[in-house]
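# Inside the fold
Chain residues, written in single-letter form:
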Amino acid sequence: MKPENTAKIEFLSRSANEGFARSAAACFAAQLDPTLEELGDIKTAVSEAVTNAIVHGYPTELGRISLRLRTFPDHVLEITVQDWGVGIPDIQKAREPMYTTGGEERSGMGFTIMESFMDAVRVRSRPGRGTTVVMRKRISLRTGGRP
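Residues numbered from 1 in each chain as written. Predicted model: local features only at pLDDT ≥ 70, side-chain atom pairs only at ≥ 80, totals over all residues. Heavy atoms only, no water.

## With respect to the packing of helix α2 (residues 36-57) against helix α4 (residues 110-117)
Two numbers describe a pair of packed helices, the interaxial angle and the distance between the axes. Between α2 and α4, whose axes approach to 9 Å, the crossing angle comes to 155 degrees. Taken together, the axes of α2 and α4 lie roughly antiparallel to each other. Where α2 crosses over α4, the handedness of that crossing is left-handed. Note on element contacts: α4 touches α2 through G110, F111, I113, M114 and F117, opposite D41, T44, A45, E48, A49 and N52. Across the contact of α2 with α4, the residue classes break down as 6 nonpolar, 3 polar and 2 charged. (Axes fitted to C-alpha atoms, helices over the stretch in contact; angles between N-to-C directions. Helix = DSSP H or I, 4+ residues; strand = E, 2+ residues; numbered from the N terminus. Parallel < 35°, antiparallel > 145°, perpendicular 65-115°, else oblique. Left-handed = near helix turned anticlockwise from the far one by under 90°. Contact = heavy atoms within 4.5 Å. Nonpolar A, V, L, I, M, F, W, Y, C, P; charged D, E, K, R; others polar.)

Structural data, given as C-alpha cells:
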C-alpha cells in the first residue's frame, strides 16, 4: 500500500537525540489528529525504540539512527527506527520481558512496552549489521471527522 505522507530523519546515537526523535514523531503524527493518549503511546514507543538503538546498537561508539515516519490510508501511522550497530543475535530472546544486555540499570522491557503501545511491532536484525524496528498504530477517527 502506498503511503499518503512520509518523512525521514537521521541523527547520531546520542542520548539527547531520543527527545528529538520523540518530538519529531509526535509532530508528524499530529496530522492524523490523535488523542492525547494515542500521542503519548506513540512518543513512548519511539522513546523505547530509539533508546534501544542508542544503548544496545552502539554500546561503545557513536553511530547513526534513522527515523522514518509514514502515514497510510485508514489513519495508520508507521514508524521505523533503524540502526547499523551491533545487531541482535537472538530476537526472540531480546523480546522477552526483563531480558537485557544493557546492564543492571536497564529494565529489559523495551520491546514489551513498544508492543503494549502500538498495534504491531516487527523486528529485523543481523549481528554486525544493525536492527530495524517497524511499529504501526491505527489512529482512531474522532467524532466530528477530520478535514
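Structure shown, so let's carry the discussion forward.
## Describing the packing of helix α1 (residues 17-29) against α2
Look at α1 against α2: their axes get within 9 Å of each other, and the N-to-C directions meet at 145 degrees. The element α1 and its partner α2 pack so that their crossing is right-handed. Residues E18, A21, R22, A25, A26 and A29 of α1 pack against L39, I42, K43, T44, V46, S47, V50, T51 and I54 of α2. Per-class residue counts for the contact of α1 with α2 are 9 nonpolar, 3 polar and 3 charged.

## Here's the deal with the sheet that holds strand β1 (residues 5-12)
An order of β1-β2-β3-β5-β4 is seen for the 5 strands of this open sheet, with the pairing classed as antiparallel. Two strands close off the open sheet at either side, each with one partner strand: β1 and β4 (120-126). Adjacent strand axes in the sheet meet at a mean angle of 10 degrees, parallel and antiparallel pairs treated alike. Pairing of strand β3 (residues 76-83) with strand β5 (residues 130-138), which is carried by 8 bridges, proceeds in the antiparallel orientation. Looking across to β5, one finds that V81 is bridged to V133. Packing against the sheet, α1 makes contact with β1, β2 (64-72) and β3, and its axis sits at approximately 175 degrees to β1. On the sheet, α2 packs against β1, β2, β3 and β5 and is oriented at approximately 15 degrees with respect to β3. (Pairing = 2+ DSSP bridges.)

## Quick word on the packing of aromatic side chains
In total, this model carries 1 aromatic pair according to the counting rule given. Ring centres of F11 and F20 lie 6.1 Å apart, and the angle between their planes is 90 degrees; this geometry places the pair in the edge-to-face category. Taking the relative accessible area as the measure of exposure, F11 reaches 8% and is therefore buried. Here R136 stacks its cationic end above the ring of F72, 4.5 Å away from the centre of that ring. (Phe/Tyr/Trp six-rings, centres within 6.5 Å; stacked < 30°, edge-to-face > 60°. Buried < 20%, exposed > 50% of the residue type's maximum accessible area, 1.4 Å probe, protein only. Lys NZ or Arg CZ within 6 Å of the ring centre and 35° of its normal.)

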